[in-house]
Amino acid sequence: MSKFLFLTLILHCINILLQKSKARKPKSNCQDPSEAGIRLVQQTTTPRDRLLKAMKDTVRARFKAHKRLSDLDVQLNRVVAVASALVIFLTVAPYILKSPPIVSDILNLFTVLSSIFILVASLLQYSSQNALTAEQHHRSALEINEIVRDLELKSADKPEAVDLAIDRYNLVLQKYSVNHEQSDYNEVIIERKHDYPWVTPEIERRLKKSIRWKNVVPNGWFVLVCAMSVFLIAFAIIAPNYISREPSEDTRQIKEEIRALQSLIKEGKSMSPQ
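One structure accompanies this document, and this report is about it. (Residues numbered from 1 in each chain as written. Predicted model: local features only at pLDDT ≥ 70, side-chain atom pairs only at ≥ 80, totals over all residues. Heavy atoms only, no water.)

Ranked by internal contacts, the top residues of the largest apolar core, which has 16 residues, are Leu-51, Met-55, Ile-144 and Leu-151. Setting aside residues up to four positions removed in sequence, Met-55 forms contacts with Ile-144, Ile-147, Val-148, Leu-151 and Tyr-169. In this structure, Tyr-196, Val-199, Ile-203 and Ile-211 belong to the second largest nonpolar core, which totals 10 residues. (Core = buried A, V, L, I, M, F, W, Y, C linked by side-chain atoms within 4.5 Å. Buried < 20%, exposed > 50% of the residue type's maximum accessible area, 1.4 Å probe, protein only. Contact = heavy atoms within 4.5 Å.)

Here we take up the side chain of His-137. Tracing the backbone through its elements, the reader meets His-137 in helix 5 (residues 130–153). Residue classification places His-137 among the buried positions, given a relative accessible area of 1%. Here His-137 is in contact with Arg-62, Ala-65, His-66, Leu-69, Val-178, Asn-179 and His-180, once residues within four sequence places are set aside. (Helix = DSSP H or I, 4+ residues; strand = E, 2+ residues; numbered from the N terminus.)

Remark: helix 5 packs on helix 6 (residues 159–175), axes separated minimally by 10 Å, with the N-to-C direction vectors making an angle of 180°. Considering their axes alone, helix 5 and helix 6 lie roughly antiparallel with respect to each other. Taken together, the residues of helix 6 that come into contact with helix 5 (itself represented by Ser-140, Glu-143, Ile-144, Glu-146, Ile-147, Asp-150 and Leu-151) are Ala-161, Val-162, Ala-165, Arg-168, Tyr-169, Val-172, Leu-173 and Lys-175. The residue makeup of the contact of helix 5 with helix 6, split by class, is 9 nonpolar, 1 polar and 5 charged. (Axes fitted to C-alpha atoms, helices over the stretch in contact; angles between N-to-C directions. Parallel < 35°, antiparallel > 145°, perpendicular 65-115°, else oblique. Nonpolar A, V, L, I, M, F, W, Y, C, P; charged D, E, K, R; others polar.)

With that settled, the discussion passes to helix 8 (residues 201–242). For helix 8, with 42 residues, the first-to-last C-alpha span of 57 Å sits near the 62 Å given by 1.5 Å per residue. Among all positions of helix 8, only Ile-203, Glu-204, Leu-207, Ile-211, Pro-218, Val-225, Ser-229, Leu-232, Ala-236, Ala-239 and Pro-240 are buried. Where the residues of helix 8 are buried, they touch helix 3 (47–97), helix 4 (101–128) and helix 7 (182–191). (Expected span 1.5 Å × (residues − 1).)

A separate point is the pattern of salt bridges. If you walk through the whole model with that rule in mind, you get 16 salt bridges. A salt bridge links Lys-193 to Glu-204, with the shortest nitrogen-to-oxygen separation between them at 3.2 Å. Of the two residues, Lys-193 sits in the loop between helix 7 and helix 8 while Glu-204 sits in helix 8, which places them 11 residues apart along the sequence. Judged by relative accessible area, Glu-204 falls into the buried class, the value being 15%. A salt bridge links Arg-206 to Glu-202, with the nearest nitrogen and oxygen atoms 3.8 Å apart. Here the residue Arg-206 and the residue Glu-202 both occupy positions in helix 8, the gap between them amounting to 4 residues, near one helical turn. (Salt bridge = Lys/Arg side-chain N within 4 Å of Asp/Glu carboxyl O.)

Under the definition given, this model contains 4 aromatic pairs. Each ring, one from Tyr-185 and one from Tyr-196, has its centre 6.3 Å from the other, and the planes form 90°; the classification is edge-to-face. Of this pair, Tyr-185 sits in helix 7 while Tyr-196 sits in the loop between helix 7 and helix 8, and the two are 11 residues apart along the sequence. By relative accessible area, which is 24% here, Tyr-185 ends up partly exposed. For Tyr-196, a relative accessible area of 4% translates into the label buried. Pairing Phe-231 with Phe-235 gives two aromatic rings, centres 6.5 Å apart and planes at 20°, and the pair type is stacked. In this pair, Phe-231 and Phe-235 both sit in helix 8, 4 residues apart, roughly one turn of the helix. Through a chain of ring-to-ring contacts, the aromatic side chains of Tyr-185, Tyr-196 and Trp-198 assemble into a single cluster. (Phe/Tyr/Trp six-rings, centres within 6.5 Å; stacked < 30°, edge-to-face > 60°.)

Written out as structure tokens, the structure is:
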């Protein structure tokens with residue numbers, strides 16, 4: 001019992017010492033650089049300036065979203081166009097090049113696969129409505145930019161101008177049921193690092209990495225379809241030179257032996273007693 005009380009007393013003393021050491025440590029007033037940047041902006045700017053900055057950032061992000069979606073729509077159209085041209089080539093190649101049966105069968109298989117790919121890509125492109133969404137981003141950016149210009153031209157000592165700008169800004173956001181993605185805003189942050197004091201080199205590297213991965217998928221599909229097209233065109237042109245259209249001498253001899261054997265079997269059956 002005495003040992004147990006002694007151990008309990010020691011643990012209690014260690015706990016008190018640890019609490020005192022934590023209390024002596026100076027607490028940092030700024031642990032998160034992003035929070036520090038936000039507090040700095042809030043302390044050094046007026047509500048009018050903060051509203052202008054928010055609207056300008058939204059305008060820049062909406063323009064980035066418009067460019068990203070427009071480029072994505074163009075890239076998908078290119079993929080579908082290349083795949084369609086490949087289907088046409090694979091359809092007529094066996095007749096023009098007089099390909100052997102095995103080469104024609106392989107080309108027909110890839111024709112079916114390419115047709116399925118075009119169907120799926122077209123349905124995905126239609127359901128995503130990238131062109132329509134890009135147009136909505138562009139229109140909303142233009143309307144918000146108009147609010148920004150009107151607010152900048154008015155006097156800074158008129159609070160009713162700020163209230164009116166807020167109401168107009170909210171109406172524009174409600175009017176267009178779209179929103180830019182985080183990658184669009186990340187591009188704005190990277191381009192205007194001087195407006196964001198919390199952006200460190202590590203944060204900037206992560207933002208650039210996320211933007212790069214956003215553009216990999218459409219470019220990757222286009223490169224894949226182009227590479228497959230070049231491979232199949234080369235295969236359709238080169239393969240017939242290595243695959244003989246006529247059976248070889250050994251194949252003909254084997255077929256003749258099979259026919260002779262079959263004829264002997266038939267003769268043996270006909271000569272057998274009934």
